[in-house]
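Each chain, written out:
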Amino acid sequence: MLCIARALVLGVAPLAVLARRNAEVSVHNAVAELESEGPFEGEAATALSAALEVVGKSDSEELRRVVASFEPQYMLAGGTSQAKDSLMMMLMGLPFAFQAGGIGTRIPCLYRLFKGEPGSELTTVMRYTDGLTPDGPVSPESVVTKIEQHMGKYASPSRFGEKPIEILVTGPDLNGAVYKNMMGRVVGRASDPESMKNSKDIDDIYDYHVADDNVILMAVEKAQTNPQNSMIAPFASKIDPTGKRTLWVKTWADFGISEQFADSGRRCEDVQDHFKQMDFVKPPGSPETFWIATVEAERYLQDQSLTLQQRMDKLEEAIAKKEAKMQKFIDGWKAKGCYFDFEDNIRVTKLRKYLSDVHSRQVTERLPALVAALARAKKGMELDVKGLQAKLDMLPKGDSPSAELREFTGMYKTIFDEQFVGERTVPALGLSTEEIKAIQDKEFKMTAKEMATALLEDWKKLNHEQYDAAFDRKMEESANMLLYPSALGQLSTTGHFWNHLTNIYMLVVRSLKELIDKTTLSWNLAATGITGGNLCNAAAREARETFLSGASTKGVALLEYGIRWLLTKHVKVTHELVMAMPRHEAYAKDVSMLAELDVVEKSFIDDWTAGFRDDYREQLRKATLNIQQAKILKTLHGMENLTTKSTLAYDLTKCEDIPGAEKRDSDPFPACKCKSVKEKLFCGVEHVADRKFDAMEIKELTQCRYSEPYCAQNPSKHDLRDLAVILNPQPTIECDKLYEEL
């Protein structure tokens, strides 16, 4: 932590150039000097870009808050599926903007672009302000996957969040800017409470993010959207009635534009009127709309065979083609003396440069205040360093801070593993066996039956909506059936209880068979898979539907809670043993470290619990697949070794390709004969020739077109016969044996 704090303080060093200038000249002259060099040019601008990058990547909330209050942010907003993600990708010049149809974006994505040193590599750092995913550097190629994975955490249960994912990108060819991509606005339907809730939640998130004065709204909508149905124009006009902080962008501008070309036969006035009618309804004084032909989601965007630079080049090529198409439209009409108000607003490259210049200009204008604010933050951080130094002095001395941390994490893992396995006394150095056992017994020291009782008591206290007394009873009954020695003893090793819980769960899930035994169900015969109308399959499907619609909904919640309950106890014992060690006394008093450790431990429990839930549901799905499936697969495997083989095609290039055949002594191939004088030639189960035959003539026979010939005294059993028996659609009521085999 001390190293981090020092890095943050030293990281503000690039601002020294700016601070010195601020001391040497007046505020007005300093700003004028920077502006004279142009946006992001010169020594001062380089220092500013470097400083902003350091602040953006730091762990200091105060530093980021200071910079965020000075930087303009471009907030892309609109309805769902309006090509906001494609536009974002084009503005950045980066082929990794998250793209999803419908409601894919569930929290905002904030991209901070920094111009790096010439020749430097593109780097990315991701910060998750909701705390659900660890922050850190990632490869540029994995950004989209990381965003998609994090969005998935809001998909079930379906919800939206206001805390954004921050993606910090540094590259030599990037233009400095801050883009914020929002989820699409939706209209709630009175008949659908969930859609009404989604609409309100999204509007609240929009209001929250647009409240800052430094946010510039980019209203994004497809060119084909009727202004009367706009999802964004009413919102933009409400929050910005003067139109001074809104940019208007129509996407998909080239869609169907060939019908509007100068050679289409349409009149100039009609085409001009078309674009005027499809333009936004904007407040008076608003700037001209940008009509951007957005790129499509093509293969190169995710093609892992291409390097990132190759994908960036292909993106720029796609942008150039789109801009050329729009320019052709403008030039064609201009040649006929027909002009459009937006002819200077069709290039996303121009919009990209304009936004970068605005970002540079506004930051530069506020530079003196920004430097002063960062200087104050730096002084505060220096005090933090002193405080952290005092804490460092309390920590156990080691070779280095990283070595101490490695020793701590290594000890944590050793105790964690040994508490689970129980092969020896947990090696908590400095603690006696009695002290270790006392910590373990606080959470454990139970029999299997006592464990089930304690688990159910804690479960009932939650007042869970899925609580079912009957299902709880079934779990208690299952626990009472465990009579092996370790189930009857009061033990304190987690692994024993994991085995108890697994055995109880197997007994509970095994009770699924009871649903099959209760009734003979034949109404579901038509939907039983590839074996036709099999009564056993119908019974299994009905049992599955009954279980999933009732017992499973309530049961999986309890089983999932059981995993969480046991892992929580395991982690708590591990935590207490580690922190009780004398050498870790200073760590046990470090509030910040304990808070971070709590986050890690909770994340571990959440991940394991979620993994169990997903696997459990998958096992339920597979448990009642077609009951004959295993037999079918086994038979198909055995068919490979049979003499008779059904095939769509086979080659005969020599007599030996036919089982039991050889070439004749005097005649070349295709003249063949069976090796034994007692054998003759068969295809499938049909006799097609005597001992001597012409191989190519035999292959042309109808009987041998899809069955390979072979020599034998009598026809072999057909390779499809066993499979045909299994696929016999005749219903049977003897389901028990089949289900037991499954």
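Just so it is clear, the model here is predicted, and its values are computed rather than measured.

### Some details on the overall build of the protein
Part 1 of the argument: Within the protein, the secondary structure is distributed over 28 helices and 15 strands.
Part 2 of the argument: Of the roughly 37500 Å² of accessible surface on the protein, a fraction of 53% belongs to carbon and sulfur atoms.

### Re the pairing of strand β2 (residues 109-115)
Part 1 of the argument: The buried fraction of β2 amounts to six of the seven residues, a majority that puts the element mostly inside the structure.
Part 2 of the argument: Summarising the sheet, β2 and strand β5 (residues 165-171) pair through seven bridges and their orientation is parallel. Looking at β5, one finds that tyrosine 111 is bridged to isoleucine 167.
Part 3 of the argument: Note that β2 and strand β6 (residues 177-181) share five bridges and pair antiparallel. Bridge pairing links leucine 110 to lysine 180 in β6.

### Observations regarding the confidence of the model for the protein
Part 1 of the argument: With 70% of its residues at a pLDDT of 70 or more, the protein has an overall mean of 76.
Part 2 of the argument: Every residue in residues 526-531 scores below 50 in pLDDT, and together they form 19 contacts with partners more than four places removed in sequence or on other chains.
Part 3 of the argument: With pLDDT under 50 throughout, residues 729-733 is counted as low confidence; its partners more than four residues away or in other chains account for nine contacts.

### So, helix α15 (residues 433-443)
Part 1 of the argument: Turning to α15, its buried residues number three or more, namely Ile436, Ile439, Gln440, Asp441 and Glu443.
Part 2 of the argument: Lysine 445, located one to two residues past α15, shows a positive phi value of around 55°.

### A short note on the packing of aromatic side chains
Part 1 of the argument: One pass over the structure, following the stated rule, counts 20 aromatic pairs.
Part 2 of the argument: With a centroid separation of 6.0 Å and an interplanar angle of 75°, the aromatic rings of phenylalanine 261 and phenylalanine 329 are classed as edge-to-face. With phenylalanine 261 in the loop between β8 (246-251) and α10 (268-278) and phenylalanine 329 in helix α11 (residues 308-334), the pair connects residues that are 68 residues apart, well separated along the chain. For the pair phenylalanine 261 and phenylalanine 329, a shared accessibility class is recorded, and that class is buried.
Part 3 of the argument: For the pair tryptophan 459 and tyrosine 561, a centre-to-centre distance of 5.3 Å together with 45° between the ring planes defines the contact as tilted. Within this pair, whereas tryptophan 459 is found in helix α16 (residues 448-461), its partner tyrosine 561 is found in helix α22 (residues 551-580), the two being separated by 102 residues in sequence. A single burial state applies to tryptophan 459 and to tyrosine 561, both of which are buried.

### Topic: the side chain of threonine 493
Part 1 of the argument: You can see threonine 493 is positioned in the loop between α18 (485-488) and α19 (494-510).
Part 2 of the argument: Not counting residues up to four positions away in its chain, the partners in contact with threonine 493 are Gln419, Phe420, Val421 and Gly422.

### With respect to the sheet that holds strand β14 (residues 692-694)
Part 1 of the argument: Pairing is antiparallel in the open sheet, where three strands are placed in the order β10-β11-β14. Edge positions in the sheet fall to β10 (661-663) and β14, since each of these pairs with one other strand and no more. Geometrically, the sheet is characterised by an average inter-axis angle of 40° between neighbouring strands, direction not taken into account.
Part 2 of the argument: Pairing geometry for β10 and strand β11 (residues 671-674), over three bridges, is antiparallel. Bridge pairing links alanine 661 to cysteine 674 in β11.

### Some points on the sheet that holds β5
Each strand in a sheet pairs with its neighbour through backbone hydrogen bonds, running either in the same direction (parallel) or in the opposite one (antiparallel).
Part 1 of the argument: One open sheet holds the nine strands; their spatial order is β4-β3-β5-β2-β6-β1-β7-β8-β9, and the pairing between them is mixed. Each edge of the open sheet carries a strand with a single partner, namely β4 (136-138) and β9 (290-291).
Part 2 of the argument: Sheet analysis places strand β3 (residues 123-128) next to β5, joined by six bridges and oriented antiparallel. Bridge pairing links methionine 126 to isoleucine 167 in β5.

### Describing the nonpolar core
Part 1 of the argument: One finds Leu87, Leu91, Leu94, Ile147, Ile167, Tyr179 and Met218 to be the most contacted residues of the largest nonpolar core, which totals 49 residues.
Part 2 of the argument: Among the elements that line this core, the one with the most residues is helix α6 (residues 84-92), at six residues.
Part 3 of the argument: Not counting residues up to four positions away in its chain, the partners in contact with tyrosine 179 are Tyr74, Leu76, Met88, Leu91, Met92, Cys109, Leu110, Tyr111, Leu113, Arg352 and Leu355.

### Re the pattern of salt bridges
Part 1 of the argument: Counted according to the given criterion, the structure contains 26 salt bridges.
Part 2 of the argument: Lysine 282 is paired through a salt bridge with aspartate 279; the nearest N and O atoms lie 3.8 Å apart.
Part 3 of the argument: In this structure, the salt-bridge partner of arginine 424 is glutamate 418, at a minimum N-O distance of 3.4 Å.
Part 4 of the argument: A relative accessible area of 52% means that arginine 424 is categorised as exposed.
Part 5 of the argument: Connected through salt bridges with shared partners, the residues Asp254, Glu296, Lys322 and Lys325 form a single ionic network.

### Focus: the state of the cysteines
Part 1 of the argument: For the structure on display, the rule yields four disulfides.
Part 2 of the argument: Covalently, cysteine 655 is tied to cysteine 672 through a disulfide, its sulfur atoms 2.0 Å apart. Sign of the S-S torsion, about -85° for the bond between cysteine 655 and cysteine 672, identifies this disulfide as left-handed. Of this pair, cysteine 655 sits in the loop between α25 (629-639) and β10 while cysteine 672 sits in strand β11; the two residues are 17 residues apart in sequence, bridging distant segments of the chain. Summarising the burial analysis for this pair, cysteine 655 and cysteine 672 share the class buried.

### Some points on the environment of lysine 654
Part 1 of the argument: Of note, lysine 654 is situated in the loop between α25 and β10.
Part 2 of the argument: Each C-alpha atom, one on lysine 654 and one on proline 668, is 9.4 Å from the other, the two residues being 14 residues apart in sequence.
Part 3 of the argument: Of the polar contacts made by the side chain of lysine 654, one reaches the side chain of aspartate 657; its length is 3.1 Å.

Conventions used here
Just so you know, the residues in each chain are numbered from 1, in the order the chain's sequence is written. Residues qualify for local features only when their pLDDT is at least 70, as the model is predicted, and side-chain atom pairs are given and counted only at 80 or more; totals for whole chains, interfaces and linings, by contrast, use all residues. No hydrogens and no water enter the side-chain calculation; it runs on all heavy atoms of the structure. Numbered from the N terminus, helices here are DSSP runs of H or I no shorter than four residues, and strands are runs of E no shorter than two. The accessible surface values rely on the Shrake-Rupley method and a 1.4 Å probe; as for residues, cover is taken only from the protein chains in view. To sort residues, take the accessible area from a 1.4 Å probe on protein chains only and compare it with the maximum for the residue type: under 20% means buried, over 50% means exposed, and anything in between is partly exposed. Paired strands, in this sense, are two strands between which DSSP finds at least two bridges. Confidence of the predictor in every single residue is expressed as pLDDT, which spans 0 to 100. Any two residues whose heavy atoms approach within 4.5 Å at even a single point are treated as in contact. Note on aromatic pairs: the rings of Phe, Tyr and Trp (six-membered ring only in Trp) are paired at centre separations within 6.5 Å, and the planes decide the class, stacked below 30 degrees, edge-to-face beyond 60, tilted for the rest. Here an axis means a line fitted to C-alpha atoms, over the contact stretch when the element is a helix, while the angle between two N-to-C directions is reported on a 0 to 180 degree scale. Here, nonpolar core means buried Ala, Val, Leu, Ile, Met, Phe, Trp, Tyr and Cys residues that are tied together by side-chain atoms lying within 4.5 Å of each other. Think of a salt bridge as a Lys or Arg side-chain nitrogen and an Asp or Glu carboxyl oxygen that are within 4 Å of each other. In plain terms, two cysteine sulfur atoms within 2.5 Å form what is called a disulfide here. Each polar contact in these results corresponds to two N or O atoms within 3.5 Å; when the atoms are within protein, one needs to be able to donate a hydrogen and the other to accept it, and residues that are neighboring in sequence are counted only if both atoms are side-chain atoms.

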